[in-house]
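# Geometric and topological summary
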Amino acid sequence: MLTIYKTDHGVCHKIPKAETGCWIDLCEPSSKELDEISLDFDIEPDDLRAALDEEEASRIVLEDDYTMILVDVPIVERRNDEDVYTTIPLGIILVADSVITVCMTQTSILADFQNNRVKQFSSKKRMRFVYQILFRTASTYQRTLRVIDKKRVDIESRFDEDDTKVNDMIALHELESTLVYFETSLRGNEVVLNRLSLYKRIDQYPEDMELLDDVIIENKQAIEMATIYKDVISGTRELLSTIVDSRLNNMMKFLTSITLVMAIPTIVSGFYGMNVPLPKYSFGELTILTIVVCIVSLIILKRKKML
């Protein structure tokens, strides 16, 4: 879908066609819309389609008529009635007098701009707009990372329960995998941010550079959070695995002890079932003797912490 926005007096609103100082948003665009923008702004079709490929890496492309910035942004998907966190590419293309964004799905980052939830947003200030997008991207990563860590804490709180399931280990593995992807995406974004601070071709004002510095700091903090949370989840998963193994060992010890005790009556009855001379006892005496031996065995096993 192709939507064109422009800000007037600090308010973002839709406009029917592109004009100076506008923002062109391509969300889940059709081939026809991509071709139209490619012709109108003389943009390579492959550059427009780059953001629609999940495997595209973050980078900057400098062409004669435009500059493309490709970064990874976090999104939440709903799978099997659960929230799943992943990253997708977001393309930001700077043309002569407008900004074009390309994404394969709607994101909360761009929705904030469309719904006038970003202060001092102006579609006419191109670089500030770009840095505001990047700043909210880093902030969204941090919020998502805190949610992931909270899920880890919730799983950890169930460790004392006897019904800790394999599903908890699977959930921890999924969270750890998500953090690996997040860290990789954040480091790719970091390379882009560092290059933006060095390019002289892009006109940048002092206040824009200050905002870029803030973006770089926020992105570094997100990387540190992802690294720390990944290590913590790895340790938590190992702890859970140890707890499950310990419970299994305790259960095996218990079953082994019960088997030993249950074997005593079988051994006694087996002896008296053989055609060999043995001391004669009444059935009652033999039963009492067997019970006493079983009780003594249970006490010994208990002291040995086998029960």
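First, a word on what this report is: a plain description of the structure on this page. What you are looking at is a predicted structure, and each value in this text was computed from that prediction instead of being measured. (Residues numbered from 1 in each chain as written. Predicted model: local features only at pLDDT ≥ 70, side-chain atom pairs only at ≥ 80, totals over all residues. Heavy atoms only, no water.)

Turning to the sheet that holds strand β6 (residues 82-94), a few remarks are in order. Spatial ordering of the open sheet is given by β2-β1-β3-β7-β6-β5-β4, a layout of seven strands whose pairing is mixed. Of all strands in the sheet, those with a lone pairing partner are β2 (11-14) and β4 (59-62), marking the two edges. The sheet shows a mean angle of 25 degrees between the axes of neighbouring strands, taken without regard to direction. With five bridges connecting them, strand β3 (residues 23-27) and strand β7 (residues 99-103) associate as parallel partners. Within β7, the position partnered with Leu-26 by the bridge is Val-102. Contacts from helix α1 (residues 31-41) reach β1 (2-8), β3 and β7 within the one sheet, and its direction differs from that of β3 by about 150 degrees. Across the sheet, helix α4 (residues 126-157) is in contact with β3, β5 (67-79), β6 and β7; its angle to β6 comes to roughly 170 degrees. (Pairing = 2+ DSSP bridges. Helix = DSSP H or I, 4+ residues; strand = E, 2+ residues; numbered from the N terminus. Axes fitted to C-alpha atoms, helices over the stretch in contact; angles between N-to-C directions. Contact = heavy atoms within 4.5 Å.)

Among the surface-exposed residues, Leu-248, Met-251, Met-252, Phe-254, Leu-255, Ile-258, Met-262 and Leu-298 lie close enough to one another that they form a single nonpolar patch of about 740 Å² accessible area. At seven residues, helix α6 (residues 206-272) tops the list of elements feeding residues into the nonpolar patch. Relative to the elements of secondary structure, Phe-254 occurs in helix α6. (Patch = residues over 30% accessible without salt bridge, like charges linked within 9 Å, V, L, I, M, F, W, Y side chains within 5 Å. Areas by Shrake-Rupley, 256 points an atom, 1.4 Å probe, with all protein chains shown as cover. Salt bridge = Lys/Arg side-chain N within 4 Å of Asp/Glu carboxyl O.)

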